[in-house]
Amino acid sequence: MNRIAVLTSGGDSPGMNAAIRAVAKTTVYNGKECIGVMRGYEGLIDGEYIPLDRPAVGGILHRGGTILKTARSDRFRTEEGRKEALEKMRAAGIEGLVVIGGDGSFHGAKLLHDMGMPTIGVPGTIDNDVSGTDETIGYDTAVNTALEAIMKLRDTASSHDRLFIVEVMGRNAGFLALEVAVATGAEYVVVPELPLSIGKLCQTLSESHVHKKSHTLIILAEGVMTANEMKNQLQDTGGYDARVTVLGYIQRGGSPTAFDTILASRMGAYAAESLFVGKSGLMVGNISHRMVLSDLERSWSEQKSLSPELLGLVEKLN
Ligand code: ATP
């Protein structure tokens, strides 16, 4: 294998550039050539390829977003689109592909593998909802970004004796919400994985009042309901008047933390080297601090669970 390609797909996440850089530099280190594919699977179909030599990946280690841009591609969901992509790759002499993205992107990567193109996945999403790895690239940064924003809210909340609902991202998973809740010392966390009882929540809020807390913070995962819907339910059930904050896309932005920069560098290098030794149809993961490979299918077929220990902490330490 002399020439491999790398693309980013799905939503962007901080640390994707560090992963691209690691794939490119590891490839050059091994005396081979790396190609960057622009705009995910869209660029793969259109043959939008750029050389990724050492200068091309200079100065990007700490930059947020992705220099290769990312996209969602409906054409790639069709057999015709995938065939076109494969033809373009073969014509460009590409013999292997690293796909940086979430589980949706890995569905596409698995199909390319089945068509005979060696493919390795690198999990990059702030949601951390990918099985086969303890953390995905960008998750730690998103937790830290949310923490920073919420600490500022805390200042104003405690000055005014307020109840705050903060909606965080995470799609249908509660990983981000749970870590943010522990990190901010929130009184309550609401995640899609557990049933919500507004009655129990109101009870916690009234206990919080009894304990004379100056303010109360609820962290809500976006996959459950909107913060405004929750505000209305709390008003209707317990007469509470909550302030609402939706953190939104700021959680996807910014420079990666040291943790994400190191994770992305390790995963990118491991992905490239896995291709060079003939691996395919697999995803790189970080399990108990070690780089491992698992089947791409695992990323979507296996449900990743929230830590019961962290869930217990929110209840015990509120
Ligand atoms: P994020 O977690 O940030 O949303 P993701 O990788 O899960 O990232 P998706 O939008 O689900 O994001 O998928 C990205 C792209 O992967 C899609 O636009 C599509 O091109 C391709 N893809 C997803 N699912 C499939 C599938 N079943 N078959 C072929 N291609 C797919």
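Coordinates for the structure precede this section.
If you're wondering where the values come from, they're calculated on a predicted model, not measured in any experiment. (Residues numbered from 1 in each chain as written. Predicted model: local features only at pLDDT ≥ 70, side-chain atom pairs only at ≥ 80, totals over all residues. Heavy atoms only, no water.)

**Q** What am I meant to see in the sheet that holds strand S7 (residues 188–190) here?
**A** Adjacent strands of a sheet pair through backbone hydrogen bonds, lying either parallel or antiparallel. An order of S7-S8-S6-S9 is seen for the four strands of this open sheet, with the pairing classed as parallel. Sheet topology places S7 and strand S9 (242–246) at the edges, where each strand pairs with a single neighbour. Across the sheet, the mean angle from the axis of one strand to that of its neighbour is 20°, orientation sign disregarded. In terms of strand pairing, strand S6 (residues 163–168) meets S9 through five bridges, oriented parallel. When the bridges of S9 are listed, Ile165 appears paired with Val244. Sitting on the sheet, helix H8 (residues 227–238) touches S6, S7, strand S8 (216–221) and S9, and the angle it makes with S6 is about 150°. (Pairing = 2+ DSSP bridges. Helix = DSSP H or I, 4+ residues; strand = E, 2+ residues; numbered from the N terminus. Axes fitted to C-alpha atoms, helices over the stretch in contact; angles between N-to-C directions. Contact = heavy atoms within 4.5 Å.)

**Q** What is the right way to look at helix H4 (residues 103–114) in this model?
**A** One full turn of an α-helix is made of 3.6 residues, so residues set three or four places apart face in the same direction. Over its 12 residues, H4 runs 16 Å from end to end, which matches the ideal 16 Å to within 8%, given 1.5 Å per residue. Two residues or fewer past H4, Gly116 is found with a positive phi of approximately 100°. (Expected span 1.5 Å × (residues − 1).)

**Q** I would appreciate a short explanation of the side chain of Ser13 in the present structure.
**A** Tracing the chain through its elements places Ser13 in the loop between strand S1 (3–8) and helix H1 (16–29). A polar contact of 3.0 Å, which involves the side chain of Ser13, links it to the backbone oxygen of Ile137. Discounting chain neighbours no more than four positions away, the residues touching Ser13 are Gly65, Gly124, Thr125, Ile126, Ile137, Gly138 and Arg252. (Polar contact = N/O pair within 3.5 Å; in protein donor to acceptor, adjacent residues only side chain to side chain.)

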